[in-house]
Amino acid sequence: MEVQLEAIEAESKVRIESVCKLAGKTGVEMEALTAASVAALTIYDMCKAVQKDMVIENVRLLEKTGGKSGHFKAES
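Residues numbered from 1 in each chain as written. Predicted model: local features only at pLDDT ≥ 70, side-chain atom pairs only at ≥ 80, totals over all residues. Heavy atoms only, no water.

**Structural notes on unusual backbone geometry**
Where we set the bar: For helices the rule is a DSSP run of H or I covering at least 4 residues; for strands it is a run of E covering at least 2, with both sets numbered from the N terminus onward. Under the scheme applied here, a residue whose accessible area is under 20% of the maximum for its type counts as buried, over 50% as exposed, and between as partly exposed, the area being computed with a 1.4 Å probe on protein chains only.
In this structure, Ser12 takes a positive phi of about 55° despite not being glycine. Here Ser12 shows up in the loop between β1 (2-8) and β2 (13-19). Taking relative accessible area as the criterion, Ser12 reaches 70% and is therefore assigned exposed. Phi is positive for Asn58, which is not a glycine, with a value near 60°. Structurally, Asn58 is set in the loop between α1 (29-47) and β3 (63-64).

**Concerning a nonpolar patch on the surface**
Applied cut-off: Like charges within 9 Å and nonpolar side chains (Val, Leu, Ile, Met, Phe, Trp, Tyr) within 5 Å are joined into patches, using only residues over 30% in relative accessible area that form no salt bridge. Each accessible area value is a Shrake-Rupley result obtained with a 1.4 Å probe; residue values ignore everything except the protein chains displayed when judging cover. We define a salt bridge as a contact between a side-chain nitrogen of Lys or Arg and a carboxyl oxygen of Asp or Glu at a distance within 4 Å.
Residues Met1, Val3, Leu5 and Val14 make up a contiguous nonpolar surface patch of roughly 380 Å² in combined accessible area. The residue Met1 is located in the segment before β1 in this model. On the accessibility criterion, Met1 (62% relative accessible area) is exposed.

**Digging into the side chain of Ser18**
Put simply, the rule reads: In protein, a polar contact means a hydrogen-donor-capable atom and an acceptor-capable atom, both N or O and within 3.5 Å, with residues adjacent in sequence counting only if both atoms are side-chain atoms; elsewhere, any N or O pair within 3.5 Å suffices. Here, two residues are considered to be in contact whenever any of their heavy atoms come within 4.5 Å of each other.
Relative to the helices and strands, Ser18 resides in strand β2. With relative accessibility at 15%, the residue Ser18 sits in the buried group. Separated by 2.5 Å, the side chain of Ser18 and the backbone oxygen of Ala32 make a polar contact. Other than its neighbours up to four places away in sequence, Ser18 contacts Glu2, Val3, Ala32, Leu33, Ala35 and Ala36.

**A word on the pairing of β1**
Condition: Whether two strands pair comes down to DSSP finding at least two bridges between them.
For β1 and β2, the ladder comprises seven bridges, and the chain directions are antiparallel. By the bridge assignment for β2, Leu5 is matched with Ile16. Where β1 folds back onto β2 in an antiparallel hairpin, the turn is made up of four residues, including Ser12, whose phi is positive at roughly 55°.

**With respect to the pattern of salt bridges**
The tally for this structure, following the rule as stated, stands at three salt bridges. Note that Lys13 is salt-bridged to Glu11, the shortest N-O span being 3.4 Å. Relative accessible area serves as the criterion here: at 42%, Lys13 is assigned to the partly exposed category. For Glu17, the salt bridge is made with Arg15, and the minimal N-O distance between the two is 2.9 Å. For Arg15, a relative accessible area of 39% translates into the label partly exposed.

This is the structure in structure tokens:
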């Protein structure tokens, strides 16, 4: 599991991306989505004293390979 954060200062945003890899036959997309969501909530918790009107949005699956459904890649 890896979680990457990128501050986009010009837009006052933080981009969060999580990557999960597994050798098993089950997908781990829910774990990746949970990791990104928890990271966003952690940032919110740390910054709420300064700005309470922050918005967490666009939590989505970007790409998945393997499993029953095969390869998926979100449109840009």
